[in-house]
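Below are the chains, spelled out letter by letter.
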Amino acid sequence: MLIIFFYLSRKEDSRFDWTEFERIVREMHEQTDKDLDMLSKMNKQKDKIEEKIRDKKKN
């Protein structure tokens, strides 16, 4: 990843579209946030199910 970043960060290479790069990075961050939110929700559901299983085992 760093190699790609350093290669792309050479300012003298005018063929590189920095606005597109920034847009893609922003989209990646947004998707990561969405993924983390989904993971959090799924973990809460998993915890509820595990709690129900523990309650059943106690009885």
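Worth saying up front: this structure is predicted, and the values here are computed from it rather than measured.

Peer 1: Talk me through the pattern of salt bridges; I want residue IDs and the actual numbers.
Peer 2: Applying the stated rule across the entire model yields four salt bridges. With its nearest N and O atoms 2.3 Å apart, the salt bridge here joins Glu 20 to Arg 23. Placement of the pair is Glu 20 and Arg 23 together in helix H2 (residues 18-58), with a separation of three residues, close to one helical turn. Take Glu 20: its relative accessible area is 31%, and that puts it in the partly exposed class. Taking relative accessible area as the criterion, Arg 23 reaches 31% and is therefore assigned partly exposed. Of the charged contacts, one joins Asp 47 and Lys 46 as a salt bridge, the two residues approaching to 3.7 Å between their closest N and O atoms. On the basis of relative accessible area, Asp 47 is assigned to the partly exposed category, the value being 40%. Among the residues examined, Lys 46 registers a relative accessible area of 39% and is labelled partly exposed. Taken together, the salt bridges that share partners define one network made up of Glu 20, Arg 23 and Glu 27.

Procedures and definitions
Residues numbered from 1 in each chain as written. Predicted model: local features only at pLDDT ≥ 70, side-chain atom pairs only at ≥ 80, totals over all residues. Heavy atoms only, no water. Salt bridge = Lys/Arg side-chain N within 4 Å of Asp/Glu carboxyl O. Helix = DSSP H or I, 4+ residues; strand = E, 2+ residues; numbered from the N terminus. Buried < 20%, exposed > 50% of the residue type's maximum accessible area, 1.4 Å probe, protein only.

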